Amino acid sequence: MDTIDTLTPGALTAGLPLDVLRDSVRGDVVVPGDPAYEEARRVYNALHDRHPAVVVRAVDAGDVIAGVRFARDHALPLAVRGGSHAVAGHGTVDDGLVVDLSRMRSVRVDPAARTARADGGCTWGDFDHATHAFGLATTGGVVSSTGIGGLTLGGGMGNLARRYGLSCDNLVEADVVTAEGTLVTCDAERHPDLFWALRGGGGNFGVVTSLVYRLHPVADVLGGIVLYPLDGDVARRWRDMITDAPEELNAIFVIVLGPDLPFLPERWHGRPVCGLLTCYSGPATEDEKILGLLDELGPVIGSLMERMPYPVVNTLFDDELPPGLYHYWKGNFSRDLSDGAIDVHMRYGRTLPSMESDTAIFPIDGACHRVGPEDTAFAYRDASFSAAFGTTHTDPADNEANIAWTREYDRDLRPHTEEAGYINFMDTDDQDRVRANYRQNYDRLRAVKRRYDPGNLFRLNHNIEP
Ligand code: FAD
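### A closer look at the sheet that holds strand β10 (residues 207-214)
Alright, step 1. The five strands lie next to each other as β5-β6-β10-β8-β9, forming an open sheet whose pairing is antiparallel. Looking at strand neighbours, the two that pair on one side only are β5 (107-110) and β9 (183-186), the edges of this open sheet. Averaged over all pairs of adjacent strands, the angle between their axes in this sheet comes to 10°, without regard to strand direction.
Alright, step 2. Across five bridges, strand β6 (residues 115-119) lies against β10 in antiparallel orientation. By the bridge assignment, Ala 118 is partnered in β10 with Leu 211.
Alright, step 3. Helix-sheet contacts for helix α4 (residues 124-132) involve β5, β6 and β10, and the interaxial angle to β5 is about 35°.

Shown next, in the form of structure tokens:
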């Protein structure tokens, strides 16, 4: 049998009328053998080393329509990619067609209406930059290279979530290329069923070429990181503090190996520590009070906190997380983060397998709880915490051991958490948790799926089967 290394360029595309596709696409149509192919086929997570037959690098909705129709007409598995950060590697596929939106990156802010229309391939870096010029922002990812598309469609947790809700709660309109290859605009009045499903239902319903978000006045924030020795008491104090803290305060609890950075004394470098990725978007007059809250959680061993423009707080960890690393993650929701769950996090925190690996527990209370569990597809409105944990490493030789470590961590944590976790933190092998993730909304999501994608063309995702 031919392996991918022995295939001649053209083998994957044999019989496909690529000239027809090229005639209808203004962006790039990249196939094996093209100089751009190696780069075009890769996604952020190096664990997913796939060889698509065709990558359509779209520049507009017309290109997306052409790509979707071509995949459908030629029965090619279809992957959709924006920021390419899906840990589960859903943005690429062997022998199929990838619609890549990464050339569609424009953002138009309407400061009077306090909204922004962004192309489906924007990253949060693109978005934050554009809205910050107007002193406005919305909830988005804490790493600037993450795509707005995948993050928002799955829910969207970030530094403004306790104050302004999930990213999907701030979505007010979307243009979607459906499986039929037609463009539908949806919002609360037009195609409300689709609009409901998009807000948490992931990439199941079509390719979103344009998203309109509600914006809020946020310019400068108190942001940065505070580190403590790894200790369950720090986690417990954080859990109790954040639940009562003003909603302007976001503090993501992390467990990492102490970074080799000047703000942390050398004796902590490479040792397990815990900390808070912090963003306080309230008035600067309250900064001292907020710093006081952080100081009370335990002995501070390193701190780098200052006032900064809001977009900067979402770039602080970009350099530690470049594309091309190997990632395997799991996610779990919890209502109250029990002492049992904290014990498990501490136990695995002590054996973190690499400098790049981490546990991150996002608080998702406050405004996220003020949206009803059936108002959007995102069902877990009673969870106050969403944990992402797993391994990130540089050497593929570590894949097997690190994946096994993450699975054991997940197995030991499950008795202490909800049945489901955030789909955007789940991995490829979590398909059996999709129904639990959507709880009471699952049947309604299936009905929407049957209406807009009865043939399950969009199935490379945490799939809602029609
Ligand atoms: P892609 O791989 O491009 O897309 C992921 C999937 O989403 C696709 O397979 C497709 O099904 C769908 N999709 C993407 N764009 C579109 C579109 N325009 N139309 C239709 N479907 C689309 N999550 C958070 O909530 N908050 C965080 O702060 C956060 N930080 C992260 C940091 C890092 C370093 C990483 C790797 C992930 C982070 N995540 C975070 C998880 C993130 O939400 C998911 O990885 C998400 O899928 C990323 O979206 P993307 O567009 O970059 O990914």
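### Notes on the sheet that holds strand β18 (residues 385-393)
Alright, step 1. Pairing is antiparallel in the open sheet, where seven strands are placed in the order β15-β12-β14-β13-β17-β18-β16. Of all strands in the sheet, those with a lone pairing partner are β15 (302-309) and β16 (326-334), marking the two edges. The mean inter-strand angle of the sheet, taken between neighbouring strand axes irrespective of direction, is 15°.
Alright, step 2. On the sheet, helix α9 (residues 287-295) packs against β12 (220-229), β13 (249-257), β14 (272-280) and β15 and is oriented at approximately 20° with respect to β12.
Alright, step 3. Sheet contacts for helix α12 (residues 399-413): β16, β17 (358-363) and β18; angle to β18, the most-contacted strand, approximately 160°.

### Structural notes on the packing of helix α8 (residues 232-244) against helix α11 (residues 339-349)
Alright, step 1. As a packed pair, α8 and α11 sit with axes 9 Å apart at the nearest point and diverge in direction by 135°. Between α8 and α11, the angle falls in the class oblique. Crossing of α8 against α11: the hand is right-handed. Here Gly 232, Ala 235, Arg 236 and Arg 239 of α8 come into contact with α11, specifically with Asp 339, Ile 342, Asp 343 and Met 346.
Alright, step 2. Residues of the contact of α8 with α11, tallied by class, amount to three nonpolar, one polar and four charged.

### Quick notes on the environment of Ser 210
Alright, step 1. Its place among the elements puts Ser 210 in strand β10.
Alright, step 2. Using a relative accessible area of 6% as the deciding quantity, one classes Ser 210 as buried.
Alright, step 3. Taking C-alpha positions, Ser 210 is 7.5 Å from Val 176, a pair spaced 34 residues apart along the chain.
Alright, step 4. Beyond its immediate sequence surroundings of up to four residues, Ser 210 is in contact with Arg 117, Ala 118, Asp 119, Gly 120, Glu 173, Ala 174 and Asp 175.

So, how was this worked out
- Residues numbered from 1 in each chain as written.
- Predicted model: local features only at pLDDT ≥ 70, side-chain atom pairs only at ≥ 80, totals over all residues.
- Heavy atoms only, no water.
- Pairing = 2+ DSSP bridges.
- Helix = DSSP H or I, 4+ residues; strand = E, 2+ residues; numbered from the N terminus.
- Axes fitted to C-alpha atoms, helices over the stretch in contact; angles between N-to-C directions.
- Contact = heavy atoms within 4.5 Å.
- Parallel < 35°, antiparallel > 145°, perpendicular 65-115°, else oblique.
- Left-handed = near helix turned anticlockwise from the far one by under 90°.
- Nonpolar A, V, L, I, M, F, W, Y, C, P; charged D, E, K, R; others polar.
- Buried < 20%, exposed > 50% of the residue type's maximum accessible area, 1.4 Å probe, protein only.

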